Structures are given as C-alpha cells and as structure tokens.
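# Architecture and fold: a report
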Amino acid sequence: MSTVVGALPLESSAPPLSRPVALPRFAVRWLHRALVAFVAALAFANSLGNYFMLDDYWLLDWCARTPWREVVQPYKFGGSEDYARFWFNASRLAGKSGEGYFRPSVSILYKGVADLFGMDARAFHGSSILLHVIISLLVLWVAGFFFLRREVALVVALAFAAHPAHSETVQWLGANTYLLVAPFYLAALAFFLRSRRPGASAWNYAAAFLCFPLGLGGHELAITLPAILLAADLWANFARGEESGPFTRLTWRHILLRQVPFGALGLAYLAWHAGVLATISQDMAGSTYAHDATHPLTFALSSLFQFTYGLVHLLLPFPFAPVDAEDFVPSLGAPALAAVCLLALLVSGWACSRLGGRSRRALFAALLFIVPFAPALLVAPTERQLYLPSVGFCLLLGLGYERLAVRGRAPRRMTTALVLAGVALAWTYNVMWSFPSGIARTQLAEIRREAPEIEPGSSVYLLNLWGPSFGLEMMPSLLYRDPTLDVQVLTIHPKLLPVGEHRVNNAWLQKFFSAALPDATGEAPVETTWESPDVLRVQIRGGRFMRSLIEQIYPAAPIAQTPGGRVETPRFTAEVVAADADGVETLRFRFQPGAKRIVFDLQGGRVRRL
C-alpha cells in the first residue's frame, strides 16, 4: 500500500489528466502580449510595400534641409516654404509665412530613419508598424486597470490592434504624428492610474508627468490629456470591486493638486503655441480643411456630422472618404442632415449603452473617445483622427464582452472571427492606400528614366500633377541629390479617378467614390501646345484647373483664376487665358528664354517629357 498525502499518492504527484494545467501568471501575461503584438503587426504587414505620398514628401524634404541641432524647432509654415513650388497658391502670392507645427517627435523619427536607411520607404513603414505594436501593448496595459479578467483586457487590445479604422494612421507615413502622440498619452494614463495603487512609488506620477511634454511633441491633441487624467482620478475614487482595483481614495483637494502641474504645463504650451496656431489658422482661411468656428451654426453642424461620421465608422468600418457636412447640405439641407446625424448618434449611443451597461467605466470610456476627438472638430474629418479616440471605443467593446463573460456566455469564437475579419479588412484597405503611393513611385521612376541626369541649377516643370501625388514635386531634389534644382508645379489635375491605365477594378468602390466625390471622378484630357520654343499653352477638356481637392485645401489666389490674370515668377510667367465660375480652362506659360529646363506631363499617371 502506498502512503497518501491529501488525495494523491506519493508516486503520482502530477494532477489528473482530466484537469487542465494552469499556466503561471507571468506566462499568461507574456502570452497575451505576444498575441497582441503579432496581431498588430499582421494587420498592417502588407503596408511595407507602399511608397511615399502627400505630406511624406514635405517631411522628407524638411528633414533633408534641417540639421540635427534645429530638429526641435517648429516647422516653417507658409508661402515661401510649403508652397514655393506652386505659382498659383494664395499664401505664396500674398507672402504669408511664419511658424508652423511644433512636432519634434515627427522630425526626429523621419530624420533618424532617413539617416539610417536613406529613402527606403520600407524602413519608414516598418517604423509605423512598430509604433502600432507598441501602442497596442499599451492599450493592453491600460485595459488592465479597468477589468479584473485578463481575458477582457486582451479582447480590448486585440480589437484595437486589428481595427481597420487605423489603416490611414498606420499605412500613411504622414499620419504617424498620431502614432507618436498615442504612446505617451496612454503611458501617462497608465502611470497616473498606477500612482493611485496603495503603496505605489511617487515615480509613477513623475513618469506620467514626463509623458505629457513628450506627447505634446507628437501632436497638439495631447493638450487634452489633463482632462482625461482628471476623469481618471474621479473614476478611481469611486471605482467599485468590478474594476481591477484597489485604488487609494483621495480627498477633493488632493485630486485637484494632482492636476495642477499638468494644467500649468498645458496652459504654458497653449500660450507659447498661440502664434503657431494663428499662423496655421490664417494660412488655412477659406480652405475646405479648416472649419470656421466664428459661425456657430455652421460649425455646430460640421461638428455634429464629424462626430457622427467617426463613431459610425468605428462601429461599422467602411472605406473612409474625405467628405464633410458641406458636401451634403446642397442635396439634403442643413436641418435634414442634422436630423440624420442625431438619429445615427441615438442609435450609436444605444448600442454603446448596451455594451457598457451602467458601469462608471462606460462613462470614462465615452470620455476617452470624445475628449481626444474634440480638437479634430476644427478641421475636415479624416480617419487618422480616430486612432487615439478608438481606445475608448475598444474599452466599451470590452465592457460588452465582460458582461457576457460574467453570464458564462463569452463569445470567444465570435471574437476570434471578428479579429481575423479586422485583419483581412485592414489588408484590403491597404490596397487602397497602395494605389496612390504606387502611382507616385512609378512616376518618379519614369522621371528618372526620361532624365537620367539633370544639369545643376535647372528648372523642372510638372504638368497635371495627380492630386494624391501632391508633394511629389519635392522628390527630384532628393533623388538627384541636387538642392539647386528648381521644381515648379504648373497645374494639378482636378480628377482623382480614373488615372489612365491605373484604374480601380472594384465596381462598387468606383461607384462609392463617384457618389462621394462626383467632381473628382471622370475623364478630363489636357492638351498641350508649344506656341513658340519658350511659350507653352495648356487647355483642359471636361474639367477645370484650380478645382482639385488639393487646391480646395490650399486655395489658389483669385488672380490665378481670373481671365487675363498674370503671375510673374523668377523663371516664368503664367497667364490665365480662359476661366469662368467653374475654374480655369486655358493657361499660357512663358519661360525664361535660354534657361535650362525640363517639362514633364504627368497626365494619366504616366510621365511624358515635352
């Protein structure tokens, strides 16, 4: 007979085979982290093949011209810097110039990657994917403060990691400013909550405060962090056993004192940044990008639409088009559009209340969506604005999952299916983003083939620049390694789709863009004629110049849209031959006689040397 201790014989100390072996807690944590990191990387892995587009070129050019000792300076923003290559730009012709965005984190990242890897777009996209992985892990950390069940925090992080609404932010390098503010924003929140734990070191509060200026160096929306931290303190004071407490209760006086350093730094930042914001506001005046807050009713409608558009997009991800309230007012009318938005918000609010229930955490999650999203209401809606606010949305999803788990109905298979669907949809959206960057890559390669070498000091003129290739004009100086090249854009083509041989084969997607952007789709051939060796006549059929999305965001000067208008530049003169209320039809360019020049026609996504 064997001696028995408890219920197990000495010679058989292993647990019965029918009982699952529980992993150690640290192993579970690392397994969860590894899974979140894998999903976050997988969701956007195919963006590694994308090229540069839009603001990417500007940032590459700025970093190439800026020494490391000046990398923490605000950008120069205005006609003599951003728009020096656009003869028709209102800011350039008015001579507006001044300080711009203060985002040293963006400058440091671009300059560091460029110094290490040159113009290899894969390295830049790899840095964005790595940032998304880090942020997804921080979401897992933050979610751990709100849920006792680690499984629920994992679901929150996986929902964030695989959400296809993050496509623009991760896959477009120019949007990485949101990737550079999110880590510090979330780390500050996590350290701040950790400082409320019994016996927590004061270093947690200090780390939270240090993250604040680092976040401000990534994007201006970090200014909303003090409001979120105040809400976090109030929630922690009343957190019940359902959360992953315990938290130390504080007096109202102590809570307010904890906010003072953050509030003081935030006010100092706003005071210092006021001139920068004024410069940007003046430069964007009259554009479709900036919303005019001085007209309360119009601003209220645009804000209502934008808030609704963003929330619905998180609930039901769909191809995000750059549409605004003003695009629907002519057909629906302002009252009807407001009613539709309010109805959509009521339905979305009901859905979120079903997810969150009556938990105080649902209120905090809602604030974590609304507060970081608020600064975006000043400008046109874009998908990248949803990146950080989506953390609050994912917390609401976690609350819904938790309620089902408590009832023993945790939808694990459905959750797995939704995460995989999110990854698949993110990959699909990447195809959309690869389309414009792929055309830009092709066009730059063809420019190099058409002109393997360009004499120093030459002028390079670009006709019919495709809107999504805006910024491409900054690349020749970098690719030819010749800062003396003078690159000028003569015209921007008003149509987005189709682009010559580069077509969107998906009929549904084509219809979507035609409905959302009717003026930007369709054919509009451009005819070019040399009237003499130094005079080029350009005429568009089926469309008008000065009406592209780019020129709506960065408005063309009135003189550039008036028949008989004449704009003189150091190396050529532009004359408006024919124009009407719909835009400019015919232009004439008189180039400096005998000057070294190359003219490229980029019509239809191809490159033709004139």
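Here's what I pulled together on the structure shown here. (Residues numbered from 1 in each chain as written. Predicted model: local features only at pLDDT ≥ 70, side-chain atom pairs only at ≥ 80, totals over all residues. Heavy atoms only, no water.)

The full count for this structure, using the stated rule, is 32 aromatic pairs. Three or more aromatic residues joined by ring pairs make a cluster, and in this case those are F86, W87, F88, Y461, F470, W530, Y554, F572, F589 and F591. A cation over an aromatic ring shows up here: R258 above the ring of F192, its NZ or CZ 4.2 Å from the ring centre. (Phe/Tyr/Trp six-rings, centres within 6.5 Å; stacked < 30°, edge-to-face > 60°. Lys NZ or Arg CZ within 6 Å of the ring centre and 35° of its normal.)

Time to look at helix α5 (residues 121-143). Along its 23 residues, α5 runs 33 Å from first to last C-alpha, staying within 8% of the 33 Å computed at 1.5 Å per residue. The element α5 is largely enclosed, with a buried count of 17 among its 23 residues. (Helix = DSSP H or I, 4+ residues; strand = E, 2+ residues; numbered from the N terminus. Expected span 1.5 Å × (residues − 1). Buried < 20%, exposed > 50% of the residue type's maximum accessible area, 1.4 Å probe, protein only.)

Our next topic: the sheet that holds strand β15 (residues 608-609). Strand order in the open sheet made by the four strands is β7-β5-β14-β15, with mixed pairing throughout. The strands lining the two open edges of the sheet, one partner per strand, are β7 (486-489) and β15. Pairing of strand β5 (residues 459-463) with strand β14 (residues 597-601), which is carried by five bridges, proceeds in the parallel orientation. Directly across from V460, in β14, lies its bridge partner I598. (Pairing = 2+ DSSP bridges.)

This brings us to the packing of helix α15 (residues 360-373) against helix α16 (residues 390-406). Between two packed helices, the angle of one axis relative to the other and the distance separating the axes together describe the packing. Where α15 contacts α16, the two axes come as close as 6 Å, and the packing angle between them is 155°. Looking at the two axes, α15 sits roughly antiparallel to α16. When α15 is examined against α16, the residues R361, A362, A365, L368 and F369 are found in contact with a partner set consisting of V391, G392, L395, L396, L399 and E402. (Axes fitted to C-alpha atoms, helices over the stretch in contact; angles between N-to-C directions. Parallel < 35°, antiparallel > 145°, perpendicular 65-115°, else oblique. Contact = heavy atoms within 4.5 Å.)

Let's shift gears to unusual backbone geometry. Its identity as a non-glycine residue notwithstanding, R481 has a phi of 55°, on the positive side. Positive phi outside glycine occurs at M546, with the angle close to 70°. Position of M546 among the secondary structure elements: in the loop between β10 (535-540) and α20 (549-553).

Before going further, it helps to spend a moment on the pattern of salt bridges. On inspection of all chains with the given rule, the structure shows 21 salt bridges. Between R597 and D534 there is a salt bridge, and its shortest N-O distance comes to 2.9 Å. Linking R597 in strand β14 with D534 in the loop between β9 (526-532) and β10, this pair joins segments that are 63 residues apart in sequence. Classification of R597 as partly exposed rests on a relative accessible area of 22%. For the salt bridge of R566 with E575, the shortest nitrogen-to-oxygen distance reads 2.8 Å. (Salt bridge = Lys/Arg side-chain N within 4 Å of Asp/Glu carboxyl O.)

Below, the discussion takes up the packing of helix α4 (residues 104-117) against α5. Two elements in contact, α4 and α5, have axes whose closest approach is 10 Å; the angle formed by their N-to-C orientations is 130°. Viewed along their axes, α4 and α5 adopt a mutual orientation that is oblique. α4 and α5 meet at a crossing whose hand is right-handed. Between α4 and α5, the residues in contact are L109, Y110, V113, A114 and F117 and A123, F124, S127 and L131, respectively. Looking at side-chain class alone, the contact of α4 with α5 contains eight nonpolar, one polar and no charged residues. (Left-handed = near helix turned anticlockwise from the far one by under 90°. Nonpolar A, V, L, I, M, F, W, Y, C, P; charged D, E, K, R; others polar.)

In this structure, strand β11 (residues 566-568) lies alongside strand β12 (residues 572-580), joined through three bridges in antiparallel fashion. Of the residues in β12, the one forming a bridge with R566 is E575. The hairpin turn running from β12 into strand β13 (residues 583-591), its antiparallel successor, is two residues long.

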